[in-house]
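What the coordinates show
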Amino acid sequence: MADLRHKIERQFETLTTAICRFRFTTLIASLLVFAAMASGVGKLTIDTSNESFLRADDPTLTRYSQFKDQFGREDAIIIAVEPRKVFDLSSLQKIKALHDDLAGTTPHLDDITSLINARETLGKDDELVVGDLMANWPSDDAALADLQERVLANPLYQNQLISSDGSLTTIVITLNAFSSGDDQSTEDIFAAFDEPGAGTGVELTLLSDQETKEAVAAILQTVDRHRRDDFKLYIAGMPIVTESLKAALQSDMRQFMGMALVAIAVCLLLMFQRIVGVILPVIVVVLTLISTMGLMGHFGVAVKVPTVILPSFLLAVGVGASVHVLAIFFQQMQGGSEKNAAITYAMGHSGLAIVLTSLTTAVGLGSFATAEVAPIGDLGLFAAIG
C-alpha cells in the first residue's frame, strides 16, 4: 500500500512539473473551460413556486400542469384599502383614482374589481335586476348612507370587497392566464378550447415569469403613488409573494456570499499573513462557484429556496484544497526551496489527500441527488459537481 501511495504521489509531481512547464497553455485552457461553463450564468433563473419542489416527471406535477393548461392561473392580487372611512366622498374618490390608475397602467391585466365597478344584483317584485353598484355616484350624506347600507347588506360583498365592519375594502386584480408574447389573439384562445379533434392546432402559452414580474412591478409602483397616511394600502397574493421571495433570495445570496468571502479572506490572512495566500484561494473558489452556477443555467436548473445555500457552501468547502497546497508550499519556500520545486513537492505531498477528500465529499453530497424533493436533489448534484 505504501508503494502504491508513493507511485501516485510521484504521478502528481510529474503532472505538476508538466503544468509548471506549460503554465500559460494550462492557464488558457482552464480559462476557456471556465468561460464555457460560466456562459450559462445568464440563463440562470429563480423559481420560488410550490411546483419547484416536484420533479418534472412527477405525476402530480403533470396533472397540475394539465389543469393549468386548460383553466389558466388561479391566483389573484388583492389590494386592501384602509381609509379613515370607506363610505366618504373623499375616500371613494381616492379609491376610484387608484382603481383607474391600476386599470390603465397594469400590463397583462385580465380583470380588476372593486366597489367602483362592482355589479349589483337585486330582486325587485318578480324581476332580477342587474346593474352597477356605483351607477349613480353618491353626492351627499344620504346617498352615502344608502350605499353603505346596500353594500353591507349584500352577502356577495361581505369579506370579498368589504370587511364585515365596513372599515376596509379591496381591489382584486387578476392577470391574463396566457401569454401575449406569441401574438395570441382572442380567437386563438377560444379556438384552443374547441371540441377535441377540431384540428385547430392552437397551443397557448401560460403567462411567463417575466410578464408576471412586469405586472407586479407596475402594480407596486402604482400602489406606492397612492399610499398616504390617511389612505393605507396593503397588497397580497401569490404573484406578489413569489416576486418578493425572488428578490429576497437574490439579496440573501449576495449577502451570504459577501459574508462568506470576508470570513474566508480574514481567516486566510491570519493563517498565511500574505496577500497572495488570500487572493489565490479566493480566485479558485470564485471561479468554481461561477462555473457551477453556469452549469445550472446550461442544464436549465433554476435556483430554488433550498439551493440558495449552494454558493456560500461551495465557498466555504472549496477553499480547503487551496489551503492544503499553500501551507506546504510556503513551508518549502521558507526552507529555501526553489519556487517550482516547492510547488511540485506540495502537490506530491497533498495531491492524493486532496483528491480523496474531494471525492468523498462529492460522493456524500451526490447521495442527495436521488431525493424525491427536487431542490434537494439539485443541491446534492451541483454541490458534488462544484
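Structure: see above.
In what follows, the accompanying structure is described. Note that the structure is predicted; figures quoted are calculated from it, not measured.

Attention now goes to the overall build of the protein chain. Along the protein chain, the regular secondary structure elements total 12 helices and 6 strands. Taken over the C-alpha trace, the protein chain has a radius of gyration of 31 Å; the compact-globule value for 386 residues is 21 Å, which it surpasses by more than 25%. Overall size of the protein chain, expressed as C-alpha extent along the three principal axes, is 105 × 55 × 35 Å. Per-residue burial for the protein chain yields a buried fraction of 34% across its 386 residues. In the protein chain, once contacts between residues fewer than 6 apart in sequence are set aside, the share between residues at least 24 apart is 71%.

As a further point, take the sheet that holds strand 6 (residues 231–236). With respect to topology, 4 strands assemble into an open sheet ordered 2-5-1-6, the strand pairing being antiparallel. If you trace the sheet from one side to the other, it starts and ends with strand 2 (109–113) and strand 6, each paired once. Within the sheet, the average angular offset between the axes of one strand and its neighbour, ignoring direction, is 15 degrees. Pairing of strand 1 (residues 77–83) with strand 5 (residues 169–175), which is carried by 5 bridges, proceeds in the antiparallel orientation. Within the sheet, the bridge partner assigned to I77 lies in strand 5 and is I173. Running over the sheet, helix 7 (residues 209–226) touches strand 1, strand 5 and strand 6 and is turned about 165 degrees from strand 6.

The next subject is helix 8 (residues 238–272). Given a rise of 1.5 Å per residue, 35 residues ought to cover 51 Å, and the 50 Å separating the end C-alpha atoms of helix 8 matches this to within 8%. Lining the buried residues of helix 8 we find strand 1, helix 7, strand 6, helix 9 (276–298) and helix 10 (310–334). Phi turns positive, to about 55 degrees, at Q273, one or two residues after helix 8.

Let us now look at unusual backbone geometry. With a phi angle near 55 degrees, N159 is a residue other than glycine that sits in the positive phi range. Here N159 shows up in the loop between helix 5 (141–153) and strand 5. Unlike most non-glycine residues, Q273 shows phi in positive territory, near 55 degrees. On the secondary structure map, Q273 appears in the loop between helix 8 and helix 9. Given a relative accessible area of 66%, Q273 falls into the exposed group.

Between helix 10 and helix 11 (residues 339–366), the least distance of the axes is 8 Å, while the angle of their chain directions is 155 degrees. Here helix 11 runs roughly antiparallel to helix 10, going by the angle between their axes. Judged by the sense of rotation from one axis to the other, the crossing of helix 10 with helix 11 is right-handed. Of helix 11, the residues touching helix 10 (which contributes F313, V317, A321, H324, V325, I328, F329, Q332 and M333) are K339, A342, I343, Y345, A346, M347, H349, S350, I354, T361 and L365. Here the contact of helix 10 with helix 11 is built from residues that sort into 14 nonpolar, 5 polar and 1 charged.

On to the side chain of N154, then. With respect to the secondary-structure elements, N154 resides in the loop between helix 5 and strand 5. At 2.9 Å, the side chain of N154 forms a polar contact with the backbone nitrogen of L156.

Spanning 18 residues, helix 7 covers 26 Å between terminal C-alpha atoms, matching the ideal 26 Å at 1.5 Å per step. Taken as a whole, helix 7 has its buried residues at E211, T212, A215, V216, A218, I219, T222, V223 and H226. Angular distribution of buried residues about the axis of helix 7 spans 160 degrees; they occupy a single face of the element. The outward face of helix 7, more than 90 degrees from its buried face, is lined by the exposed residues D209, Q221 and D224.

Cut-offs used in this document
Residues numbered from 1 in each chain as written. Predicted model: local features only at pLDDT ≥ 70, side-chain atom pairs only at ≥ 80, totals over all residues. Heavy atoms only, no water. Helix = DSSP H or I, 4+ residues; strand = E, 2+ residues; numbered from the N terminus. Rg over C-alpha atoms; globule rule 2.2 N^0.38 Å. Buried < 20%, exposed > 50% of the residue type's maximum accessible area, 1.4 Å probe, protein only. Contact = heavy atoms within 4.5 Å. Pairing = 2+ DSSP bridges. Axes fitted to C-alpha atoms, helices over the stretch in contact; angles between N-to-C directions. Expected span 1.5 Å × (residues − 1). Parallel < 35°, antiparallel > 145°, perpendicular 65-115°, else oblique. Left-handed = near helix turned anticlockwise from the far one by under 90°. Nonpolar A, V, L, I, M, F, W, Y, C, P; charged D, E, K, R; others polar. Polar contact = N/O pair within 3.5 Å; in protein donor to acceptor, adjacent residues only side chain to side chain. Arc of directions from axis to C-beta.

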